[in-house]
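Observations on the three-dimensional arrangement
Next come the chains, spelled out residue by residue.
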Amino acid sequence: ETNPVSKENSSLSTIVRRFKDSVSLGKTHKFWESQPVGQFKDIGDSNLPEGPIEPPTLLSEVKQEPYNLPSQYEWTTCDMESDETCREVYDLLKCNYVEDDENMFRFNYSQEFLTWALRPPGYYRSWHIGVRAKSSKKLVAFITGVPARIRVRDEVVKMAEINFLCVHKKLRSKRLAPVMIKEVTRRVHLENIWQAAYTAGVVLPTPITTCQYWHRSLNPKKLIDVGFSRLGARMTMSRTIKLYKLPDSPATPGFRNMELRDVPAVTRLLRNYLSQFVVAPDFDENDVEHWLLPTENVVDSYLVESPETHEITDFCSFYTLPSSILGNQNHSTLKAAYSYYNVSTKTPLLQLMNDALIVAKQKDFDVFNALDVMHNESFLKELKFGPGDGQLHYYLYNYRIRHALRPSELGLVLL
Ligand code: MYA
């Protein structure tokens, strides 16, 4: 299985991934073939219209009771305002969530991150769904949705962003995932929402685009020690450290942390920037305050305020997502920053992102990750990012896109 924890590309892992992806194209998907999503057989069929695949039904026609689970298990709605529940979710994910292909790293989303990711403006408690063992009450599976407005071309569509699908390692391959997906779908429908967006490292019917992870070493010695990256050909450790060295502080005059008073200006900047992409979130000020105002150890945002005019001209942000390092004597956690939304109107994007690398280094991140979405291609190579072995596929549920997009046409980053 190919997963979106990505580390630096090695030719072997790339070959393994391509092989697995090619197998999955020919595979039958008993569950996904029954769902209103783009199907492999329809790729290239220009007669099919863009937009919803199935029309909404009356709310009274939505199934009122939860789907059946195997008899030893029961549904639970996870109250993410409760520290105790949040801790249980954290523990489930810490031990059972996404790993890289070679099982060297596993995402370790923090509790603060989970509360942030799952409680945006207008969130529904009922979309935070767990499964417990009836006898022990232990949490063994999880899936979540949060509401979002996502624009596809000229249409702003109410959607659910689906994330954190996780089944305990001991319960895999028992077809629990399709039941979880159907249950979250039912609960989304009950709120009169009929579309969803999600990402996965696996190929399913059918991606709207496929993105590559890129990695910029900030602490190359540690990355090499833990097997995240390897010493390049004809490179020594000291030459490698020198190669990735960064200045101590950002170069752009007026580069500073985003604050609450900046929300209106950042919203304008971001809305204007995102309008050029085919698929992008439709952020208002409430969304920007939630998703982009800095939250310690969760999300960092910086902007450039012109020293002369005090105008906000540029913006960059990244979120904090550590990974557990599996089976290393010396290190247990890889501290990774993930590029989020970046907008340049005056400072060249290359310089803005170099400043983002500098502040990430100051904050002791080991690596800075970015997808090749939006305009990211324009700085990745020059700023010494290397391609990862992970790919991330983006999907829409019940919304057809006629042709797959290029990653640069996508203006959406999911957590
Ligand atoms: S992506 C992150 C997913 N999580 C992980 O990778 C963590 C580690 N892995 C696991 O916990 C399990 O392996 C999971 C599968 C839970 C992933 N997305 O129960 P099964 C299909 C969608 O026997 P298990 C994220 O969170 C698979 O193709 N489907 O398998 C976004 C097969 O169907 P088919 C997936 O390994 C999630 C069926 O499940 C995924 O025990 C978006 C097998 O089920 C996947 N990542 O459990 C969910 N992996 O036979 C969709 C496998 O047809 C949301 N499968 O090929 C859709 C929108 C819903 C809302 C709609 C509202 C309108």
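Per chain, residue numbering runs from 1 following the sequence as it is written. Selection of residues for local features in this predicted model requires a pLDDT of at least 70, selection of side-chain atom pairs for listing and counting requires 80 or more, and totals for whole chains, interfaces and linings are taken over all residues. With hydrogens and water stripped out, all remaining heavy atoms of the structure feed into the side-chain values.

**Structural notes on the overall build of the chain**
Assigned secondary structure in the chain consists of 10 helices and 17 strands. Taken against the 2.2 N^0.38 rule, which gives 22 Å for 415 residues, the C-alpha radius of gyration of the chain at 21 Å falls within 12% of a compact globule. Projected onto its principal axes, the C-alpha positions of the chain cover 60 × 50 × 45 Å. A buried classification covers 56% of the 415 residues belonging to the chain. When contacts within the chain are restricted to residue pairs at least 6 apart in sequence, long-range pairs at least 24 apart make up 76% of them. Only DSSP runs of H or I covering at least 4 residues are called helices, and only runs of E covering at least 2 are called strands; the numbering of each starts at the N terminus. We compute the radius of gyration over the C-alpha atoms and compare it with the globule rule, which gives 2.2 Å times the number of residues raised to the power 0.38. The cut-offs for exposure are 20% and 50% of the maximum accessible area for each residue type, with area from a 1.4 Å probe on protein chains only; residues under the lower value are buried, those over the upper are exposed, and the others partly exposed. Any two residues whose heavy atoms approach within 4.5 Å are treated as being in contact.

**Digging into the confidence of the model for the chain**
Predictor confidence is given residue by residue as pLDDT, running from a minimum of 0 to a maximum of 100. Looking at the chain, the pLDDT average stands at 96 and 95% of residues meet or exceed 70. Predicted as a complex, the structure gets a pTM of 0.96 and an ipTM equal to 1.00.

**Let's talk about the pattern of salt bridges**
Note that side chains of opposite charge can pair when their charged atoms are close. We define a salt bridge as a side-chain nitrogen of Lys or Arg found within 4 Å of a carboxyl oxygen belonging to Asp or Glu. All chains considered together, the criterion is met by 25 salt bridges. As a salt-bridge pair, Arg 149 and Asp 287 come within 2.9 Å of each other at their nearest N and O atoms. Taken together, the residues Arg 149 in strand E4 (residues 139-152) and Asp 287 in helix H8 (residues 285-292) connect sequence positions 138 residues apart. A relative accessible area of 11% means that Asp 287 is categorised as buried. Put simply, Arg 261 and Glu 259 hold a salt bridge, and the shortest N to O gap is 2.9 Å. For Arg 261, a relative accessible area of 56% puts it in the exposed group. Residue Glu 259 is classed as partly exposed on the basis of its relative accessible area of 36%. One continuous salt-bridge network, built from bridges that share partners, spans Arg 149, Arg 271, Asp 282, Asp 284 and Asp 287.

**Section: the packing of helix H7 (residues 263-274) against H8**
Lines fitted to C-alpha atoms define the axes here, with helix axes fitted over just the stretch in contact, and angles between the N-to-C directions of these axes take values from 0 to 180 degrees. Where H7 contacts H8, the axes come no closer than 9 Å and their chain directions differ by 100°. Of the possible angle classes, the one that applies to H7 and H8 is roughly perpendicular. Mapping the contact onto sequence places Val 263, Pro 264, Val 266, Thr 267 and Leu 270 in H7 and Glu 285, Val 288, Glu 289 and Leu 292 in H8. Ten residues, namely Ala, Val, Leu, Ile, Met, Phe, Trp, Tyr, Cys and Pro, are considered nonpolar, four, namely Asp, Glu, Lys and Arg, are considered charged, and the remaining ones, Gly among them, are considered polar. For the contact of H7 with H8, the per-class residue count stands at 6 nonpolar, 1 polar and 2 charged. Should an angle fall under 35 degrees it is taken as roughly parallel, and over 145 as roughly antiparallel, whereas 65 to 115 is taken as roughly perpendicular and any remaining angle as oblique.

**What to know about the site of the ligand**
Taken together, 34 residues surround the ligand, and among them His 29, Trp 32, Leu 165, Ser 173 and Ala 177 come closest. A distance of 3.3 Å separates an oxygen atom of the ligand from a polar side-chain atom of Arg 172. Under the rule applied, a polar contact is a pair of N or O atoms within 3.5 Å (in protein, one hydrogen donor and one hydrogen acceptor; residues adjacent in sequence only if both atoms are side-chain atoms). A distance of 3.0 Å separates an oxygen atom of the ligand from a polar atom in the backbone of Leu 176. The accessible surface values rely on the Shrake-Rupley method and a 1.4 Å probe; as for residues, cover is taken only from the protein chains in view. Within the complex, 93% of the 1,200 Å² of free accessible area of the ligand lies under protein. Only strand E5 (155-167), helix H4 (176-189) and strand E6 (195-200) provide two or more residues apiece to the shell around the ligand. Among the elements that line the shell around the ligand, the one with the most residues is H4, at 7 residues. If a single non-hydrogen atom of a residue is within 4 Å of a molecule or strand, that residue counts as near it.

**Some thoughts on unusual backbone geometry**
Here Ser 173, not a glycine, exhibits a phi torsion of approximately 60°, which is positive. Topologically, Ser 173 is positioned in the loop between E5 and H4. The class for Ser 173 is exposed, based on a relative accessible area of 78%. Located in the positive-phi region is Arg 175, a residue other than glycine, with phi close to 60°.

**Some words on the layout of surface pockets**
Looking at the second largest pocket, its volume works out to about 460 Å³. Together, 32 residues line the second largest pocket, and Pro 147, Ala 148, Arg 149, Glu 161 and Trp 291 are the ones closest to its centre. A cavity here means a set of points on a 1 Å grid, drawn over the protein atoms and nothing else, where a 1.4 Å probe fits but cannot get out; a pocket is an open set with protein on both sides within 12 Å along at least five of seven lines, and a residue lines either one if it has an atom within 4 Å of a point. Grid points are joined across faces, edges and corners, and a volume is the space filled by probe spheres set on the points.

**A few points about the sheet that holds strand E2 (residues 105-107)**
A sheet is described by the order of its strands in space; here 3 strands give the open sequence E2-E12-E13, paired in antiparallel fashion. Either end of the sheet is taken by a strand with one partner, and the two such strands are E2 and strand E13 (333-334). Strands qualify as paired when DSSP identifies two bridges or more between them. Note: strand E12 (residues 323-325) against E13, 2 bridges, orientation antiparallel. From the neighbouring strand, Ser 323 faces E13, where its bridge partner is Leu 334. Along the sheet, helix H2 (residues 83-96) makes contact with E2 and E12, crossing E2 at roughly 155°.

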